[in-house]
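# Examination of the molecular architecture
Single-letter residue listing:
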Amino acid sequence: MFRLHANDPLSSDAMELLQNSGLFKITAEHLDKDQLIKKIDDIEFLVVRSATKVTADVLNAGKNLKVVGRAGTGLDNIDVKTARELGIKVYNTPGANAISVAELTLGLLLSLVRHIPRGTQGLKDGKWEKKALKGHEIFGKKIGIIGFGAIGQEVAKRAKAFGMEVIIYDPFVKETELPVKLVNDLGELLEVADVVTLHLPLTESTKHIIGENEFAKMKDGVIIINAARGGIVDEQALYDALVSGKVLGAALDVFEVEPPMDELRRKLLGLDNVIATPHIGASTYEGQKRVGIEMAKKLIEVARE
Ligand code: NAD
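An unreviewed UniProt entry annotates the protein as 3-phosphoglycerate dehydrogenase of Kosmotoga pacifica. Per its UniProt entry, the protein bears the Sequence similarities (unreviewed entry) comment "Belongs to the D-isomer specific 2-hydroxyacid dehydrogenase family."

What follows deals with the overall build of the protein. When you go through the protein residue by residue, the secondary structure sums to twelve helices and twelve strands. Its C-alpha atoms give the protein a radius of gyration of 21 Å, within 12% of the compact-globule value 19 Å for 305 residues. Residues counted as buried form 41% of the 305 residues belonging to the protein. Pairs at least 24 apart in sequence give 63% of the contacts found in the protein among residues at least 6 apart.

For helix 5 (residues 98–113), with 16 residues, the first-to-last C-alpha span of 23 Å sits near the 22 Å given by 1.5 Å per residue. Buried residues of helix 5: Ala-98, Ser-100, Val-101, Ala-102, Leu-104, Thr-105, Leu-106, Leu-108, Leu-109, Ser-111 and Leu-112, and no others. Of the residues flanking the end of helix 5, it is His-115, one or two places downstream, whose phi is positive at about 55°.

Taken together, 33 residues lie near the ligand, and Gly-74, Gly-147, Gly-149, Pro-201 and Gly-281 sit nearest. Only helix 5 and helix 7 (150–161) provide two or more residues apiece to the shell around the ligand. Among the elements that line the shell around the ligand, the one with the most residues is helix 7, at three residues. Looking at the shell around the ligand, its residues break down into 18 nonpolar, twelve polar and three charged.

A separate point is the nonpolar core. One finds Val-47, Val-166 and Leu-238 to be the most contacted residues of the largest nonpolar core, which totals 84 residues. No other element matches the eight residues that helix 5 contributes to this core. Those residues in contact with Val-166 that lie beyond four places of it in its chain are Ile-143, Ile-145, Ala-156, Ala-159, Lys-160, Val-180 and Lys-181.

As a further point, take the sheet that holds strand 6 (residues 142–146). Two strands in a sheet stick together by hydrogen bonds in their backbones, pointing the same way (parallel) or opposite ways (antiparallel). Overall, parallel pairing links the seven strands, which are arranged 8-7-6-9-10-11-12 in an open sheet. This sheet does not close on itself; its edge strands, each paired only once, are strand 8 (181–183) and strand 12 (274–276). With strand direction ignored, the average angle separating the axes of adjacent strands in the sheet is 20°. With three bridges connecting them, strand 11 (residues 247–252) and strand 12 associate as parallel partners. Across the sheet, Ala-251 pairs through a bridge with Ile-275, a residue of strand 12. Helix 10 (residues 235–244) contacts strand 10 (222–226), strand 11 and strand 12 of the sheet and is inclined by roughly 135° relative to strand 11.

Here we take up the UniProt feature "domain: D-isomer specific 2-hydroxyacid dehydrogenase NAD-binding" (unreviewed entry) in the protein. Per the UniProt record, "domain: D-isomer specific 2-hydroxyacid dehydrogenase NAD-binding" (unreviewed entry) is annotated on residues 106–281. Spanning residues 106–281, this segment combines 34% helix with 18% strand, and its end C-alpha atoms are found 11 Å apart.

Right, let's talk about the sheet that holds strand 1 (residues 2–6) for a bit. Taken in spatial order, the five strands of this open sheet run 2-1-3-4-5, and their pairing is parallel. Of all the strands in the sheet, the pair left with one neighbour each is strand 2 (24–28) and strand 5 (89–91). On average, adjacent strands in this sheet sit at an angle of 15° to one another, irrespective of strand direction. By the bridge criterion, three bridges tie strand 1 to strand 3 (residues 45–48) in an arrangement that is parallel. Among the inter-strand pairings, Ala-6 is bridged to a residue of strand 3, identified as Val-47. Seen against the sheet, helix 12 (residues 285–304) touches strand 1, strand 2, strand 3, strand 4 (67–70) and strand 5 and runs at an angle of roughly 165° to strand 4.

Tracing the chain through its elements places Ala-83 in helix 4 (residues 80–86). Overall, the presence of 21 C-beta atoms within 10 Å leaves Ala-83 in the buried class.

Rules and cut-offs
- Residues numbered from 1 in each chain as written.
- Predicted model: local features only at pLDDT ≥ 70, side-chain atom pairs only at ≥ 80, totals over all residues.
- UniProt positions renumbered as here; feature names shortened; annotations may be inferred.
- Helix = DSSP H or I, 4+ residues; strand = E, 2+ residues; numbered from the N terminus.
- Rg over C-alpha atoms; globule rule 2.2 N^0.38 Å.
- Buried ≥ 20, exposed ≤ 12 C-beta atoms within 10 Å, placed from the backbone.
- Contact = placed C-beta atoms within 7 Å.
- Expected span 1.5 Å × (residues − 1).
- Near = placed C-beta within 6 Å.
- Nonpolar A, V, L, I, M, F, W, Y, C, P; charged D, E, K, R; others polar.
- Core = buried A, V, L, I, M, F, W, Y, C linked by C-beta atoms within 7 Å.
- Pairing = 2+ DSSP bridges.
- Axes fitted to C-alpha atoms, helices over the stretch in contact; angles between N-to-C directions.

This is the structure we're talking about:
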């Protein structure tokens, strides 16, 4: 039997699959970094979502560690390079939460352009702000999608259903059957998009890929949606562009610092033209069930090899 520790919660269906396989002795509890470093020597399989940071210290302490399972997509919380050097396999569940994140992305866009959060808060506060809350349609507008993987494609389909023109920048995608325009240069997308939405991974090369120079290239009054990773956008540059009016509004599910309690993020969240959610893109019952089951099946397959 392999010892498996789930340091972030997995769906109950996934836990049941793992238990019923008879392959694992399972512990499930969130341990902080120091506790995890003590525990990890005792386990072969570690399962995490996005909350646990699987750093080089954690991996180096895992003398018996064989597999890290990331229930979800982004691998930026795992030091994949060190894992590879140590011969520890890393698995994620690509695509399993794509619909959840795509639905939130469209939800954020509509909430922003129709002032839904402010309208709700106003009514709760006893205010009838009908005149102040005139919004925009998204019909006929151009949405620029940066990163055309599982989530970007689901966003494109939904944006088309709303009558938007879709422009894609993804250096690794050369063709698609979807009715979208692929461009080879990020600048080409930035110059024409009314809405820019990010669906690429955070890596060393994509950190702050949207910064001061990129905002300068965008149309005046552009809308920014980030439901990918905070570090992809330079949030100081975003703050400046929101204050200057270059960016009409931003909807953010992710932040470079999470929870976003430092001075810059408090300032950003304090702006009237920013709406935000606390990294809930993948947090749906359906998405988590799909992710959990896919992860459990993968771990069972690996344990049987
Ligand atoms: P994916 O791997 O299917 O797609 C990512 C795409 O980005 C790929 O097509 C890749 O070619 C492209 N890409 C890589 N570098 C690029 C660059 N420099 N410019 C443009 N495109 C580039 O991943 P996915 O499932 O679509 O997820 C995308 C990202 O969304 C994840 O990496 C993760 O960070 C984020 N995410 C966020 C949440 C959330 O809760 N908000 C949930 C899941 C995923």
